[in-house]
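Spelled out from the first residue to the last, the chains are:
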Amino acid sequence: LALHAVASGLVLLLLRRTGASLVAAGLAGLLFAVHPMHAEVVAWPSARPELLVTVFTLAAAFVHAGSEPVRGPGFGRFLAVGAFVLLALFSKETGVLAPVLIGLVTMLRSSGAGAWARIRSGVSASFPFVALILVFMGLRGLVIQAGSLPRLVGDDPAGRLPRTGGEAALRVAAIAGDYLGSMLVPWSASSFRVPKLEAVRAGLAWLPLGVVA
C-alpha cells in the first residue's frame with residue numbers, strides 16, 4: 001500500500017511538472033490510485049516488483065523533468081535519473097519502458113515549434129538511457145548464459161537461439177504479433193504462452209493494428 005501510495009503521488013507530481021493544473025494532476029493521481037486494474041498488484045505480495053518498477057520509473061521521469069527542457073539535466077541529475085532507471089531494471093525487466101516515459105514527458109515540456117521538434121527532443125532525452133538498458137541487457141544475457149534461456153518458439157526441444165538475423169526477426173515479429181492479437185481479440189485461453197511459428201499467422205495479421213494501438 002505504501003509503494004502504491006508513493007506511485008500515485010509521483011503521478012500527480014510528474015503531471016504537475018508537465019504543466020498540468022493541480023486539479024487535473026490530482027484527478028489523474030486519484031484515478032491511478034483507485035483504478036481496479038491495480039488491485040492485484042497492490043494485494044499480492046508476489047507482485048511487489050510491479051510496484052517497485054512503477055515507482056522507480058516514475059521517479060526517473062520526475063527527476064528528469066526537473067531540468068531545463070532545452071539544456072537537459074545537469075551531470076548530477078543525469079546520474080540520479082540513470083540510477084532510478086537501473087533500479088527499475090533490477091526490479092523487473094519492464095523497466096525498459098523508463099526511457100519511453102522520459103521521452104514522452106520531455107515532449108510534453110518541449111517548447112519546440114512543431115511536432116517533429118518535440119519528437120526530436122523526446123528521442124534525444126531518452127537515447128542515453130536506452131544505451132544504458134542495452135548495456136544492462138547484455139550483461140544480463142552473459143549472466144544467464146544462452147544454454148539456460150527458455151525456448152523461444154513452440155516445440156523447439158533444443159531451445160536453440162536463432163541462427164540468422166532473418167530468423168530472429170521473424171521470431172520476434174511472430175511472438176509480438178501473437179501477443180498483440182491476443183490482447184486485441186482475446187479468443188484464446190491465455191496470452192502468456194509462447195506461440196509456435198506456424199500458429200501465428202493471425203498474430204502477424206494483427207501486428208500492424210497492434211503497432212497503431
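J.: Just give me the short version of the confidence of the model for the protein chain, but keep the residues and values in it.
T.: Looking at the protein chain as a whole, the pLDDT averages 78, with 68% of positions reaching at least 70. Counting interchain partners and residues more than four positions distant, the pLDDT-below-50 stretch residues 146-155 has 23 contacts.

J.: Break down the environment of G29 for me, citing the residues and quoting the values.
T.: Summarising the element assignment, G29 is placed in helix α2 (residues 22-34). Using a relative accessible area of 6% as the deciding quantity, one classes G29 as buried. Each C-alpha atom of the pair G29 and L10 lies 7.9 Å from the other, and the pair is 19 residues apart in sequence.

J.: Tell me about the layout of surface pockets, residues and numbers included.
T.: Unoccupied space between atoms shows up once a probe the size of one water molecule is rolled over them. By volume, the second largest pocket is sized at about 560 Å³. Surrounding the second largest pocket, 15 residues form its lining, F32, E50, V53, T54 and L97 being those nearest its centre. For the lining of the second largest pocket, the secondary structure elements donating two or more residues are α1 (2-17) and α4 (48-64). Ranked by the residues each element gives to the lining of the second largest pocket, the list is headed by α4, at 6 residues. Tallied by class, residues from the lining of the second largest pocket come to 9 nonpolar, 5 polar and 1 charged.

J.: Provide a residue-level description of the side chain of T18, including the pertinent values.
T.: Looking at the secondary structure, you find T18 in the loop between α1 and α2. In this structure T18 comes out as buried when scored by relative accessible area, which is 19%. Setting aside residues no more than four positions away along its own chain, T18 makes contact with V105, L108 and R109.

J.: With reference to specific residues and values, describe the nonpolar core.
T.: Counting 20 residues, the largest nonpolar core has L14, L58, V81, V85 and I102 as its most contacted members. For this core, the elements supplying multiple residues, two or more each, are α1, α4, α5 (75-91), α6 (98-109) and α7 (115-144).

J.: Requested: an account of the packing of α1 against α4, with residues and values cited.
T.: The contact between α1 and α4 brings their axes to 9 Å, and the two run at 25°. If you check the angle between α1 and α4, you find them roughly parallel. Relative to α4, α1 is oriented so that their crossing is left-handed. Across from L3, H4, V6, A7, L10, V11, L13, L14 and R17 in α1, the residues of α4 making contact are R48, L51, L52, T54, V55, L58, A59, A61, F62 and V63. For the contact of α1 with α4, a count of residues per class yields 15 nonpolar, 2 polar and 2 charged.

J.: Explain a nonpolar patch on the surface to me, and be specific about the residues and the numbers.
T.: Among the surface-exposed residues, V96, L97, V100, L104 and M137 lie close enough to one another that they form a single nonpolar patch of about 410 Å² accessible area. With respect to the helices and strands, V100 occurs in helix α6.

J.: Residues and numbers for the packing of α1 against α2, please.
T.: Where α1 meets α2, the axes come as close as 8 Å, and the angle between the chain directions of the two elements is 155°. By the angle between their axes, α1 is roughly antiparallel relative to α2. Judged by the twist between their axes, the crossing of α1 over α2 is right-handed. For the pair α1 and α2, the contacting residues are H4, A7, S8, V11, L12, L15 and R16 in the first and L22, A25, G26, A28, G29, F32 and A33 in the second. The class makeup of the residues in the contact of α1 with α2 is 9 nonpolar, 4 polar and 1 charged.

Rules used in this analysis
- Residues numbered from 1 in each chain as written.
- Predicted model: local features only at pLDDT ≥ 70, side-chain atom pairs only at ≥ 80, totals over all residues.
- Heavy atoms only, no water.
- pLDDT = per-residue confidence, 0-100.
- Contact = heavy atoms within 4.5 Å.
- Helix = DSSP H or I, 4+ residues; strand = E, 2+ residues; numbered from the N terminus.
- Buried < 20%, exposed > 50% of the residue type's maximum accessible area, 1.4 Å probe, protein only.
- 1 Å grid on protein atoms, 1.4 Å probe; cavity = no way out; pocket = protein on both sides within 12 Å on 5 of 7 lines; lining within 4 Å.
- Points joined across faces, edges and corners; volume = space filled by probe spheres on them.
- Nonpolar A, V, L, I, M, F, W, Y, C, P; charged D, E, K, R; others polar.
- Core = buried A, V, L, I, M, F, W, Y, C linked by side-chain atoms within 4.5 Å.
- Axes fitted to C-alpha atoms, helices over the stretch in contact; angles between N-to-C directions.
- Parallel < 35°, antiparallel > 145°, perpendicular 65-115°, else oblique.
- Left-handed = near helix turned anticlockwise from the far one by under 90°.
- Patch = residues over 30% accessible without salt bridge, like charges linked within 9 Å, V, L, I, M, F, W, Y side chains within 5 Å.
- Areas by Shrake-Rupley, 256 points an atom, 1.4 Å probe, with all protein chains shown as cover.
- Salt bridge = Lys/Arg side-chain N within 4 Å of Asp/Glu carboxyl O.

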